[in-house]
Amino acid sequence: MDFELTQEQVQLRKMVRDFAERELGPHVLEWDEAQTFPLEAVKKAGELGLLGAIFPEEYGGSDLGYIDYSVIIEELARVDPSFALIVAAHNSLCSNHIYLAGTEDQKQKYLSKLTTGEWIGCWSLTEPEAGSDAGGTRTTAVHRSGAWVLNGGKTFTTNAHHAQVCVAMALTDRAASHHGVSAFILESGTPGFRVGKKENKLGMRSSDTGEVLFSDCALPESQLLGKPGEGFVDSLRILDGGRISIAALSVGLAQGAYEAALHYSKQRKQFGRFISEFQAIQHKLADMATSIEASRLLVYRAGAMKDAGLRVTKESSMAKLFASEAAVKVADEAVQIHGGYGFIKDYPVEKFYRDVKLCTIGEGTSEIQRLVIARQLLKD
Ligand SMILES: Cc1cc2nc3c(=O)[nH]c(=O)nc-3n(C[C@H](O)[C@H](O)[C@H](O)COP(=O)(O)OP(=O)(O)OC[C@H]3O[C@@H](n4cnc5c(N)ncnc54)[C@H](O)[C@@H]3O)c2cc1C
């Protein structure tokens, strides 16, 4: 058992940290206020290989493992969780679905453009009436005259308004229930396919979240992704990896909030002393640092198991559950340590506090993680 990052991973962390502090740091608040999607910075992340982190070089990827990928997401989230969310949805949801279930033609056509950031990807599973119960998809795809015709709509799709490629799940066989959902690849500009409302959010405001709508959208056979009826089952596999990235995002966000609170506690004086000298503040810092370390270990263990080709349904859910709930607590305490200034936008903890709530909701709520974990425990 080795608890140290490799030399390459340390260098990767430094490279991403430099990128995040240089390219994201100065703009975080402005992007958040205006809900600006940071397209230019996303393209630069593509040039650095961050948009194809976990894919082989033959598709233009960086051929990294899940620990490396976690380090990337962590470092981006430490500065801007919204940016980390954009990169996570692109990599571990859209691109990974194409990588895991796609034909060689589909991988050559789509993955090679997604890994470089030439195209941005989104992944649409959630519907207005099918959230936690994602298998209850109502969007339909009917096979008619050699084409799949999609009707319906998706909600809460990350990157929706900026994506050139969308992987969407639709019901192809109502009688087969969860085994009647299939996945499709859609390109922006396809007739009958459009994006709808852009959500105005509490946090993660520079990451775009929107509706994706289908109205008699006819797709050739070539756009079916994976086997018919396997779309939902494949989605669960995709989420096993995706949850590691949301857990890593939680760790990075918590790290950013903790560092800001630590720094502030050593600057702020009350009663003639730095507040870091008060034991009540020291205990908060100790608890924050400890929960971040514990979260990170869970993330890296799930990542190491994934890299070893093992099933990580339980471990990725445990990492996501623990890290996201720990991050909510850390962000809360970081604001508390700042007192009234934590409530003011001049300090970064205000944004961490808003952003963090998504971590216990996206890619399955905490309640659903507990359900997944318990199901795995009872199966063993
Ligand atoms: C910013 C943002 C980005 C997102 N990005 C994407 C994306 O890119 N692609 C995508 O497909 N989706 C995305 N989502 C959707 C996200 O995954 C869902 O919001 C989430 O799965 C919860 O679904 P819901 O919102 O419908 O809540 P609901 O399912 O309605 O849940 C409401 C409450 O009921 C609880 N609950 C539900 N069922 C159970 C149960 N069986 N047992 C116990 N409690 C239960 C939930 O835990 C929650 O507390 C995003 C959401 C947000 C907010």
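Computed from a predicted model, the values in this text were never measured in an experiment.

## Details of the overall build of the chain
Each helix and strand counted, the chain has eleven helices and ten strands in total. For 380 residues, the compact-globule estimate of 2.2 N^0.38 gives 21 Å, and the chain sits close to it at 21 Å. Taking the principal axes of the C-alpha coordinates as reference, the chain spans close to 80 × 45 × 40 Å. Burial status across the chain gives 57% buried among its 380 residues. If you sum the accessible surface of the chain, you get close to 16500 Å²; carbon and sulfur atoms cover 54% of it. Measuring between centres, the 41 positive side-chain charges of the chain sit 4 Å from its 49 negative side-chain charges.

## Concerning the packing of helix 8 (residues 279–307) against helix 9 (residues 313–338)
Direction vectors running N to C along helix 8 and helix 9 enclose 155 degrees, while the axes themselves pass 9 Å from each other. By the angle between their axes, helix 8 is roughly antiparallel relative to helix 9. Pair helix 8 / helix 9 crosses with left-handed handedness.

## Re the site of the ligand
What surrounds the ligand is a group of 19 residues, the closest being Thr126, Ser132, Phe156, Thr158 and Thr365. Between Thr126 and the ligand, the recorded distance is 2.7 Å, taken from a side-chain N or O atom to a nitrogen atom. A distance of 2.8 Å separates a nitrogen atom of the ligand from a polar side-chain atom of Thr158. Structurally, the ligand is housed in the largest pocket. Among the elements of the structure, strand 1 (121–124), strand 3 (147–158) and helix 11 (366–379) are those that each provide at least two residues to the shell around the ligand. For the shell around the ligand, the residue count by class is seven nonpolar, nine polar and three charged. In this structure, the shell around the ligand is formed jointly by two domains, domain 2 (121–231) and domain 3 (236–379), each of which donates at least three residues.

## Section: the packing of aromatic side chains
For the structure on display, the rule yields ten aromatic pairs. Measuring from ring centre to ring centre gives 6.1 Å for Phe19 and Phe83, while their planes differ by 55 degrees; the resulting arrangement is tilted. Linking Phe19 in helix 1 (residues 7–24) with Phe83 in helix 5 (residues 81–101), this pair joins segments that are 64 residues apart in sequence. The exposure classification of Phe19 matches that of Phe83, with both residues buried.

## A word on a negative patch on the surface
Negative charge collects at one region of the surface, where Glu57, Glu58, Asp63, Glu104 and Asp105 lie side by side. Positionally, Glu104 belongs in helix 6 (residues 104–116). Under the relative-accessibility criterion, Glu104 is labelled partly exposed at 39%.

## Observations regarding the layout of surface pockets
Each pocket or cavity is described by its volume, and for the largest pocket that value is around 1400 Å³. Contributing to the lining of the largest pocket are 49 residues, with Thr126, Ile361, Gly362, Glu363 and Gly364 lying nearest its centre. Elements with a contribution of two residues or more to the lining of the largest pocket: helix 5, strand 1, strand 3, helix 7 (231–265), helix 10 (349–355) and helix 11. With eight residues, the top contributor of residues to the lining of the largest pocket is helix 7.

## Some remarks on the side chain of Gln106
Within the secondary structure layout, Gln106 lies in helix 6. At 2.9 Å, the side chain of Gln106 forms a polar contact with the backbone nitrogen of Thr103.

## Examining the environment of Ala20
Secondary-structure assignment places Ala20 in helix 1. The spacing of Ala20 and Lys351 is 331 residues in sequence and 16 Å in space, taken between C-alpha atoms. Ignoring anything within four residues of it in the chain, the contact list for Ala20 reads Gly25, Glu75, Leu76 and Val79.

## Some remarks on helix 6
An ideal rise of 1.5 Å per residue puts 18 Å on 13 residues; helix 6 measures up with 18 Å between its terminal C-alpha atoms. At Tyr110, helix 6 shows its largest bend, some 35 degrees. Contacts made by the buried residues of helix 6 are with helix 3 (39–47), helix 5, strand 1, strand 4 (165–171), strand 5 (181–187) and strand 8 (224–225). Gly117 lies just past helix 6 and shows a positive phi near 85 degrees.

## Side note on the pairing of strand 5
Of all seven residues that make up strand 5, six are buried, and the element is covered over most of its length. By the bridge criterion, two bridges tie strand 5 to strand 8 in an arrangement that is antiparallel. Its bridge partner being in strand 8, Ala183 is matched across the sheet by Leu225.

## A word on the domain arrangement of the chain
When its domains are assigned, the chain resolves into domain 1 (7–114), domain 2 (121–231) and domain 3 (236–379). Relative to domain 3, the C-alpha centre of domain 1 lies at a distance of 20 Å. Across the contact, 25 residues belong to domain 1 and 30 residues belong to domain 3. Buried surface at the junction of domain 1 and domain 3, both sides included, amounts to about 2300 Å², of which 66% is carbon and sulfur. When the buried surface of domain 1 facing domain 3 is broken down by residue, Tyr66, Glu74 and Arg78 rank first, second and third, together holding 27% of it. At the junction of domain 1 and domain 3, the tally comes to five salt bridges. Linking domain 1 with domain 3 are seven residue pairs in polar contact (both at pLDDT 80 or more), by the criterion used here.

Rules and cut-offs
Counting of residues starts from 1 at the beginning of each chain's written sequence and follows it residue by residue. Given that the model is predicted, a residue must reach a pLDDT of at least 70 before its local features are reported, and side-chain atom pairs must reach 80 or more before they are shown or counted; all residues, however, enter totals for whole chains, interfaces and linings. Just so you know, side-chain values use all the structure's heavy atoms and leave hydrogens and water out. Starting at the N terminus, helices and strands are each numbered in turn, a helix being any DSSP run of H or I of at least four residues and a strand any DSSP run of E of at least two. In this setup the radius of gyration rests on C-alpha atoms only. A globule is expected at 2.2 Å times the number of residues raised to 0.38. Partly exposed describes any residue whose relative accessible area lies between the buried limit of under 20% and the exposed limit of over 50%, with all areas from a 1.4 Å probe on protein chains only and scaled to the type maximum. For the area figures, the Shrake-Rupley method with a 1.4 Å probe applies, and any residue is considered shielded solely by the protein chains shown. When charges are counted, neither His nor the chain ends are considered; positive counts come from Lys and Arg and negative counts from Asp and Glu. A single reference atom marks each charge: NZ on Lys, CZ on Arg, CG on Asp, CD on Glu. Convention adopted: a line fitted to C-alpha atoms gives each axis, helices being fitted over their contacting stretch, and angles between N-to-C directions are expressed from 0 to 180 degrees. For classification purposes, an angle smaller than 35 degrees is called roughly parallel, one larger than 145 roughly antiparallel, one from 65 to 115 roughly perpendicular, and anything else oblique. Handedness of a helix crossing follows the sense of rotation of the near helix relative to the far helix, less than a right angle counterclockwise being left-handed and clockwise being right-handed. The rule for a residue being near a molecule or strand is that one of its heavy atoms must lie within 4 Å of it. Polar contact is the term for a pair of N or O atoms within 3.5 Å; when the atoms are in protein, one must be able to donate a hydrogen and the other to accept it, and sequence-neighboring residues count only if both atoms are side-chain atoms. Only protein atoms enter the 1 Å grid used here. Points where a 1.4 Å probe fits but cannot escape make up a cavity, open sets with protein on both sides within 12 Å along at least five of seven lines make up a pocket, and a residue lines them when an atom lies within 4 Å of a point. Placement in a cavity or pocket follows one criterion, namely that more than half of the molecule's atoms lie within 2 Å of its grid points. Charged means Asp, Glu, Lys or Arg here, nonpolar means Ala, Val, Leu, Ile, Met, Phe, Trp, Tyr, Cys or Pro, and polar covers whatever is left, Gly included. What counts as a domain boundary in this text is fixed by an automatic or database domain assignment. Here a pair means two rings of Phe, Tyr or Trp (six-membered ring of Trp) with centres within 6.5 Å. Their orientation is stacked below 30 degrees between planes, edge-to-face above 60, and tilted elsewhere. Residues with no salt bridge and a relative accessible area higher than 30% make up the patches, which join like charges within 9 Å and nonpolar side chains (Val, Leu, Ile, Met, Phe, Trp, Tyr) within 5 Å. In what follows, salt bridge is the name for a side-chain nitrogen of Lys or Arg lying within 4 Å of a carboxyl oxygen of Asp or Glu. Grid points are joined across faces, edges and corners, and a volume is the space filled by probe spheres set on the points. Should any heavy atoms of two residues lie within 4.5 Å, those residues are considered in contact. A helix is expected to span 1.5 Å multiplied by its residue count minus one. Axes are fitted to the seven residues ending at a residue and to the seven starting at it; the angle between these axes is taken as the bend at that residue. In this scheme, strands are said to pair when DSSP sees at least two bridges between them. Note on definitions: buried area is the accessible-area loss of two parts on being combined, 1.4 Å probe, summed for both.

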